[in-house]
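The lines below spell out each chain.
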Amino acid sequence: MKQSFRWVLFFPVILLLACCAVRAQDLQSKIDQYMQASTKIDHFMGSILVAQHGKVIVSKGYGMANVKLGIPNTPETEFRIGSITKQFTAMAILEFQARGKLGIQDPVCKYVPDCPKDWGPITIYNLLTHTSGIPNFTSFPNYLKVESQPTTPAELLALFKNKPLDFKPGAKFKYSNSGYEVLGYIIQRASGETYQDFLEKNIFHPLGMKDSGYDSSHPTAKTHAEGYSYSPSGYKPARYVNMTVPFSAGALYSTVLDLYKWDRALAAGKLIPQKLLDEMFTPQVAMTGPLKGHYGFGWMISTEFGHKEISHEGGIEGFTSLNSWFPDEDAYVIVLDNVTSPQVFAVGRALAAILFGEKYEIPREHKAIAMQPGELQKFVGQYELTPKFILTVRRNGDQLITQATGQGQVPIFPESKNEFFAKVVDAQLSFVQDASGQVTGLVLHQNGRDMPAKKISSTPPAYPKTVPLPASVLAKYAGEYQLAPNFVITITLAGDQLNAQATGQSSAPIFPESE
């Protein structure tokens, strides 16, 4: 009887283990199939990690960490993580609160000498949640000159300290790297040591994150990835940035394995009391613009595939990143790449879809078909993505051209009777027709998301009239403008022509309607 009982007991356990092993193998196969396609079609280069219930399902590198030296990416490759740095800056502030050295409702002027009068109402809480109104210095027209020069935290603050606030503190959300630079300054004032030393002693070392830290402007380790931009001519080194400039808003480096240690430590309630951790992940303010969901302290809180997601994106010259945690499912998706590209977000969404058994599409080549002008005319009109964001579709002969609110013109090409794609940006449009064949809307597929838009007009507005402006006037508009953590529009001037280039996209001319 004893022997029979043991077999009855062990048999279900063996079945369970076998079932888990088969599921893991299936996930690994699907993830690798997707990543191989993303590497070939979308030119992804980087490392990924997908884990659930304390087990790493996939941890793998794709493409090259260093193209010239032929060094491949691996799970141990170090990447600049851009704005994911903000998670660590927020944690440092909360560690000080736990020790009674400051409070998040403290006024910023308590820690900043010669504090501007306008900053009087600003609290540390406002800095943590991007509600301070302090303008984002990485969107200043002169930022391209600033980012290559060595600086100090005090000199960084001087760049925006006396600028007018964008709005009354606490009035709304507006993503600002400047606020997190001020937090780094406060960390140094409160600790009496450098920002990087404080993080090393109080976060990286205690958690065993040996491959993370404050990055050098000229990293020499072969385990550190080089940053690149991609064009049809190939990969080229990204623009230089002196790492004293991104500071506490974006200067850290890490690996997918170390970020997983970080995420697991937060899930286990390490470093600070649970009450403060709960505050960190509590939706504090609704985000606006291209960002959806809410912002906590250094983290974004949203819903993806019906699951609560706590995440943050990052972008810095030559690198983009995503650290995503699904707490209710004990699941993690981490994507780090060493190419300036919005693809990291689409990759992250696809990996989460595979993990949760949701719909996803494997990247593929898009091939244009021929369509007559008469066939194209029905797609012409205006489509409302949001009340303030309209996509206009015009026809020029046998070519459809789209233009989103505040953006340049983008030609689109048919690959079927209702499906179109862009070549200068990774985006596709699916037009929706009713039973009578009338076009009633479209769905924009971009960055792993499907965004529906209702057709609100069949008559697009006339092309805006341009006005001639001298190069001396146009020059003041050159610079970088950050729309989201990993999405920047760079404006450059060539002669008397302004050109705009969004992250991971081709450059396109833009024309003035007024000064």
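Now for a quick tour of the structure. Quantities reported herein were computed from a predicted structural model and do not represent experimental measurements. (Residues numbered from 1 in each chain as written. Predicted model: local features only at pLDDT ≥ 70, side-chain atom pairs only at ≥ 80, totals over all residues. Heavy atoms only, no water.)

Secondary structure summary: the protein chain contains 13 helices and 27 strands in total. A compact globule built from 515 residues should have a C-alpha radius of gyration of about 24 Å, and the protein chain, at 24 Å, falls within 12% of that. Per-residue burial for the protein chain yields a buried fraction of 50% across its 515 residues. If you take every contact in the protein chain between residues at least 6 apart in sequence, the share linking residues at least 24 apart comes to 61%. Carbon and sulfur atoms form 56% of the exposed surface of the protein chain, whose accessible area is close to 23,900 Å². (Helix = DSSP H or I, 4+ residues; strand = E, 2+ residues; numbered from the N terminus. Rg over C-alpha atoms; globule rule 2.2 N^0.38 Å. Buried < 20%, exposed > 50% of the residue type's maximum accessible area, 1.4 Å probe, protein only. Contact = heavy atoms within 4.5 Å. Areas by Shrake-Rupley, 256 points an atom, 1.4 Å probe, with all protein chains shown as cover.)

Here we take up helix 6 (residues 177-191). Taking 1.5 Å as the rise per residue, helix 6 with 15 residues should run 21 Å; its terminal C-alpha atoms sit 21 Å apart, in good agreement. Of all the 15 residues making up helix 6, eleven are buried; the element is thus mostly covered by neighbouring parts of the structure. Those residues of helix 6 that sit buried are Asn177, Ser178, Gly179, Tyr180, Glu181, Val182, Leu183, Gly184, Tyr185, Ile186 and Ile187. Near the N-terminus of helix 6, the side chain that reaches the backbone nitrogen of serine 178, with its oxygen 3.3 Å away, is that of serine 176. Just downstream of helix 6 lies glycine 192, where phi reads positive at about 75°. (Expected span 1.5 Å × (residues − 1). Polar contact = N/O pair within 3.5 Å; in protein donor to acceptor, adjacent residues only side chain to side chain.)

Turning our eyes to something else, we now look at unusual backbone geometry. With the exception of glycine, the majority of residues adopt a negative phi angle, and the majority of peptide bonds are in the trans configuration. Here histidine 53, not a glycine, exhibits a phi torsion of approximately 55°, which is positive. Structurally, histidine 53 is set in the loop between strand 1 (46-52) and strand 2 (55-62). Looking at histidine 53, the relative accessible area reads 56%, which means it is exposed.

Before going further, it helps to spend a moment on the packing of aromatic side chains. According to the stated counting rule, one finds 23 aromatic pairs in the structure shown. Here tyrosine 34 and tyrosine 360 contribute two aromatic rings whose centre-to-centre distance is 6.5 Å and whose plane-to-plane angle is 75°, an arrangement assigned as edge-to-face. Highlighted residues: tyrosine 34 in helix 1 (residues 2-41) and tyrosine 360 in the loop between helix 11 (343-356) and helix 12 (373-376), separated in sequence by 326 residues. Tyrosine 34 gets classed as buried once you look at its relative accessible area, which sits at 3%. Relative to tyrosine 295, the ring of phenylalanine 173 has its centre 5.8 Å away and its plane inclined at 40°; by these criteria the two rings are tilted. Here phenylalanine 173 is found in the loop between helix 5 (153-160) and helix 6, whereas its partner tyrosine 295 is found in strand 11 (residues 294-295), with 122 residues between them in sequence. As far as burial versus exposure is concerned, phenylalanine 173 and tyrosine 295 are alike and both buried. Ring pairing ties together the aromatic residues Tyr260, Phe281, Trp299, Trp325 and Tyr332, which thus form one cluster. The ring of tyrosine 180 carries the charged tip of lysine 86 above its face, separated from the ring centre by 5.8 Å. The lysine or arginine in question, arginine 349, covers the ring of phenylalanine 345, its NZ or CZ lying 4.9 Å from the ring centre. (Phe/Tyr/Trp six-rings, centres within 6.5 Å; stacked < 30°, edge-to-face > 60°. Lys NZ or Arg CZ within 6 Å of the ring centre and 35° of its normal.)

By size, the foremost hydrophobic cluster in this structure holds 83 residues, and its most contacted members are Phe88, Val182 and Trp262. For this core, the element with the most residues is helix 2 (residues 85-98), which contributes seven residues. Contact partners of tryptophan 262, with chain neighbours within four places excluded, come to Gln87, Phe88, Met91, Ile203, Leu207, Met209, Leu271, Trp299 and Asn323. Residues Leu27, Ile31, Leu322 and Val335 belong to the second largest nonpolar core, which totals 23 residues. (Core = buried A, V, L, I, M, F, W, Y, C linked by side-chain atoms within 4.5 Å.)

We now examine the pairing of strand 23 (residues 449-457). For strand 16 (residues 381-386) and strand 23, the ladder comprises three bridges, and the chain directions are antiparallel. Bridging across to strand 23, glutamate 384 finds its partner in lysine 454. Sheet topology places strand 22 (residues 439-446) next to strand 23; six bridges connect them, and they run antiparallel. Looking at the pairing, leucine 444 lines up with methionine 451 of strand 23. (Pairing = 2+ DSSP bridges.)

Moving on, we get to the state of the cysteines. Note on terminology: a disulfide is the covalent bond linking the sulfur atoms of two cysteines. What the rule picks out here adds up to one disulfide. Through a disulfide, cysteine 109 is tied to cysteine 115; the S-S separation comes to 2.0 Å. One quick way to see it: the torsion about the S-S bond of cysteine 109 and cysteine 115 is about -65°, and its sign makes the bridge left-handed. (Disulfide = S-S within 2.5 Å.)

By the bridge criterion, four bridges tie strand 7 (residues 228-231) to strand 8 (residues 234-237) in an arrangement that is antiparallel. Its bridge partner lying in strand 8, serine 231 is registered against glycine 234. The turn linking strand 7 back onto strand 8 is made up of two residues.

Pairing within the closed barrel is antiparallel, and its eight strands lie in the order 16-17-18-19-20-21-22-23. With direction set aside, neighbouring strand axes in the sheet form an average angle of 30°. As paired elements, strand 21 (residues 427-433) and strand 22 share seven bridges and run antiparallel to each other. Counted as the bridge partner of alanine 427 is glutamine 446 from strand 22. (Axes fitted to C-alpha atoms, helices over the stretch in contact; angles between N-to-C directions.)

As far as function goes, none of this settles anything; it's purely spatial.
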